[in-house]
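For reference, the chains in residue letters:
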Amino acid sequence: MNASFLALTLNLLMAMALAGCGEKASRGRTSARTFEHPKSEAATPPDQPLTPEQKIEAEAQKAAPFILRGEVHSAVTAYRVPEKLRARLQETNPELIAPRSTKFEVFNQHLNIRAKDSSMTFTAVLRVPGKQEEPIELTCQFDQSTAPWACDQMYPVDAKVAGERRLQATVNCLDTYACERVGVELFVVIDGKTESQLFQNQKFSARRASSGDVDESEPHGLKSLERPVPVGPAPARRPIVLEKPTPPTPAPAPAPEPEAEVSPELSEGELEEVMEDPNSAIEISAPIPMPRPGRGQFSIPGIETLRPETGGGVKAQAFGFHYGGTLRSGSELQGSGDGFVCRQRANRNFGTDMTIQLLKGAAKAMERAHPNKSPIVIANISKQGGGRLCNNGSCHRSHQTGLDVDIAYPSFKRNSDMWSLCGPGGCRSGAKISDDFDEQRFFTFVKTLVAAQGRPVIAMFVDAQIKRHMCQWVRNKGEDISNPNSPAFLALQAMKHQAGHHNHVHVRFKCPGNRDCRDATVSLGRGNGC
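Thresholds applied
Residues numbered from 1 in each chain as written. Predicted model: local features only at pLDDT ≥ 70, side-chain atom pairs only at ≥ 80, totals over all residues. Heavy atoms only, no water. Helix = DSSP H or I, 4+ residues; strand = E, 2+ residues; numbered from the N terminus. Contact = heavy atoms within 4.5 Å. Phe/Tyr/Trp six-rings, centres within 6.5 Å; stacked < 30°, edge-to-face > 60°. Buried < 20%, exposed > 50% of the residue type's maximum accessible area, 1.4 Å probe, protein only. Polar contact = N/O pair within 3.5 Å; in protein donor to acceptor, adjacent residues only side chain to side chain. Axes fitted to C-alpha atoms, helices over the stretch in contact; angles between N-to-C directions. Parallel < 35°, antiparallel > 145°, perpendicular 65-115°, else oblique. Pairing = 2+ DSSP bridges. Salt bridge = Lys/Arg side-chain N within 4 Å of Asp/Glu carboxyl O. Disulfide = S-S within 2.5 Å. Arc of directions from axis to C-beta. Core = buried A, V, L, I, M, F, W, Y, C linked by side-chain atoms within 4.5 Å.

With that out of the way, let us pick up the overall build of the protein chain. Helix and strand counts for the protein chain stand at nine helices and 28 strands. Taking all contacts inside the protein chain whose residues are at least 6 apart in sequence as the whole, residues at least 24 apart take part in 73%.

The full count for this structure, using the stated rule, is nine aromatic pairs. Ring centres of Tyr155 and Phe298 lie 5.8 Å apart, and the angle between their planes is 75°; this geometry places the pair in the edge-to-face category. Of this pair, Tyr155 sits in strand E9 (residues 149-156) while Phe298 sits in the loop between strand E14 (282-284) and strand E15 (318-321), placing them 143 residues apart in sequence. Take Phe298: its relative accessible area is 27%, and that puts it in the partly exposed class. Aromatic pair Phe437 and Phe442: ring centres 5.7 Å apart, planes at 55°, arrangement tilted. Each member of the pair, Phe437 as well as Phe442, is classed as buried.

The next point concerns the environment of Glu283. Within the element layout of this structure, Glu283 appears in strand E14. Those residues within four positions of Glu283 in sequence are excluded, and the remaining contacts are Ser205, Ala206, Arg207, Arg208, Ala209, Ser210, Tyr323, Arg397, Arg508, Ala520 and Thr521. There is a polar contact of 2.9 Å between the side chain of Glu283 and the side chain of Arg397.

Where helix H7 (residues 439-450) meets helix H8 (residues 464-477), the axes come as close as 11 Å, and the angle between the chain directions of the two elements is 95°. When the axis of H7 is compared with that of H8, the two are roughly perpendicular. Residues Glu439, Gln440, Phe442 and Phe443 of H7 lie in contact with H8, whose contacting residues are His469, Met470, Trp473, Val474 and Lys477.

The next subject is the pairing of strand E27 (residues 505-509). With respect to burial, E27 is a largely interior element, five of its five residues being buried. The side-chain alternation of E27 yields two buried faces, one formed by Val505, Val507 and Phe509 and the other by His506 and Arg508. In the sheet, strand E24 (residues 404-407) pairs with E27 via four bridges, with the strands oriented antiparallel. Within E27, the position partnered with Asp406 by the bridge is His506.

A side chain of one charge can pair with a side chain of the opposite charge when the charged atoms of the two come close. Considering all chains together, one arrives at 18 salt bridges under this definition. Across the salt bridge formed by Asp417 and Arg343, the nearest N and O atoms sit 3.1 Å from each other. Note that Asp417 is positioned in the loop between E24 and H7 and Arg343 in the loop between strand E19 (340-342) and strand E20 (350-351), a separation of 74 residues in sequence. Since its relative accessible area comes to 6%, Asp417 is described here as buried. A network of salt bridges, in which partner residues are shared, links Glu71, Arg114 and Asp117.

Here we take up helix H9 (residues 487-494). Structurally, the α-helix is built with 3.6 residues per turn, so residues lying three or four positions apart point the same way. The buried count for H9 comes to six of eight residues, which makes it a mostly enclosed element. Buried within H9 are the following residues: Ala488, Phe489, Leu490, Ala491, Leu492 and Ala494.

Okay, the state of the cysteines next. Tallying each qualifying case throughout the model produces six disulfides. Shown here is the disulfide that connects Cys140 with Cys151, its sulfur atoms set 2.1 Å apart. Every disulfide takes its handedness from the sign of the S-S torsion; for Cys140 and Cys151 that torsion is -60°, giving left-handed. Here the residue Cys140 occupies a position in strand E8 (residues 134-141), and Cys151 occupies one in strand E9, the gap between them amounting to eleven residues. Since its relative accessible area comes to 6%, Cys151 is described here as buried. Covalently, Cys511 is tied to Cys517 through a disulfide, its sulfur atoms 2.0 Å apart. Disulfide Cys511-Cys517: torsion about the S-S bond near -75°, hence left-handed. Residue classification places Cys517 among the buried residues on the basis of a relative accessible area of 5%. Here the protein chain pairs its bonded cysteines, counted in sequence order, in the arrangement 1-2, 3-4, 5-6, 7-8, 9-12, 10-11.

Let's shift gears to the sheet that holds strand E28 (residues 521-522). Taken in spatial order, the three strands make up an open sheet running E13-E14-E28, and their pairing is antiparallel. The sheet is open, and its two edges are formed by strand E13 (206-208) and E28, each paired on a single side. Strand direction decides the pairing type here: E13 and E14, joined by three bridges, are antiparallel. Considered in E14, the bridge of Arg207 is made with Glu283.

Following the sequence through the fold, Glu195 ends up in strand E12 (residues 193-200). A polar atom in the side chain of Glu195 sits 2.9 Å from the side chain of Ser101. The residues touching Glu195, leaving out its near neighbours within four places in the chain, are Ser101, Lys103, Phe104, Leu186, Phe187, Val188 and Ile190.

Another point: the sheet that holds strand E4 (residues 71-75). The strand order across the open sheet built from nine strands is E4-E6-E7-E8-E9-E10-E11-E12-E5, with neighbouring strands paired in antiparallel fashion. Strand pairing shows two members of the sheet lacking a second neighbour, E4 and strand E5 (77-78), which therefore form its edges.

A separate point is helix H5 (residues 268-275). Every buried residue of H5 is accounted for by Leu271, Val274 and Met275. Seen end-on, H5 carries its buried residues on one side only, within an arc spanning 100°. Check the buried side of H5 and you find it contacts helix H3 (83-92), E13 and E14.

Along the chain, Gln197 falls in strand E12. Take Gln197: its relative accessible area is 2%, and that puts it in the buried class. Within the local environment of Gln197, its side chain forms a polar contact with the backbone oxygen of Pro99, the two atoms lying 3.4 Å apart. Among the polar contacts listed, one links the side chain of Gln197 to the backbone nitrogen of Ser101, at a separation of 3.5 Å. Beyond its immediate stretch of four places on either side in the chain, Gln197 contacts Ala78, Tyr79, Arg80, Pro99, Arg100, Ser101, Phe104, Val184, Glu185 and Leu186.

As a further point, take the nonpolar core. Grouped together as the largest cluster of nonpolar side chains are 51 residues, with contacts concentrated most on Phe443 and Phe445. Excluding anything up to four places from it in sequence, Phe445 contacts Leu359, Ala362, Ala363, Met366, Ile376 and Ile407.

As structure tokens, this is what we get:
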């Protein structure tokens, strides 16, 4: 063995050892999940701009810093909505109705997702009345390079059962890379008809809807938009020399950031009361959106016609729920424009394209109708990449998908921040609304939003006293509030009471239409609430 060959062998062994250490160090285990930091692509020179594809990938990695490399084993239960709510949703929000068959039952159902071999496996016991119980096992392969992780052709493992073409399923991992929320839709042929049922690892729940905002730390008085006086550099100080270097004191562990309070789950009786209250809205867990079943060798005949395609042609930006999701390739609302100005805070003005266009359009309509007034102030939307929006130790529960917006009430005075219509103490029943409140511009702005194509507003959270004030103001102006389709009626109907919204209105928009965004809040109350 010559010296050069020996040297080459040693170099290879060292390289393999170093690679093994690096891989081992980057891994960590949590319960049944194994995670690994995503591998970055070849570094781009700092003077070379990123391509659109590289920007999307960078945002995705920020939104999902850990990638599943092991497996997830989840118990998935049937998603069932109380009957009265189901009937109301059928009228107002049919897209939130999950498939539910009464022709079959399923027991002991579980979904296993293995990243190692890109497989998904669903196991259960199927019971059809009048037939013997049948253990079933269906599996499929999924593509880890695409989002979301899903499959539309899950077939029985047993070749004989698969050939009968009577069982099929679809699977969706809502939060790609982690698969914390998963759903399975099972299709079963019974007496020549295809029945289906949705299963997911999060059961149905309902709460009183809230904006998810937390108290702002800034004072709520009016603020001028004038530029602050520039401040010069601080005078230089003589350095302090210590006799002996003092070891740095370790920083204390940061306290967990408080989040907006979550209201308790509603009983069926309480849910019915909220459904009849025009000034309330509910927040439901919502069914996980499922892919349309695909057609393949073992597919149920005609299954591809059972579900309409969703999200066709819509840019995928908002993922997940308002209170638990991400924003990818979002648009940034620039500092100012026709009729609006952004509150000066970094990385809080990102939203879906739809959100930004609606805000600009409503502000511009307000400016045209009432020119030469102080601009409306847009505060929080979402941060780039979405997720939790925090400030000074407090975190919003919402503002995660670019579909929630905090907007200061328009004022006759020039202001640059949120301000209280009832004074620093907030609004109480009978509190006087400030004479600085410009109701006319506020109502023009919100009417433009609610009457936009597709009626994109789910709810606008305001304080109850402000809602009462607006009801009286609208009556005095002679607006048409008897017609349920008039912009004035829709604007008042959208205003939902939530305490603490005396200094801003929180507008929540519907998902723009892409498949993996889900509306969590539903406004079900009859009438306009006045």
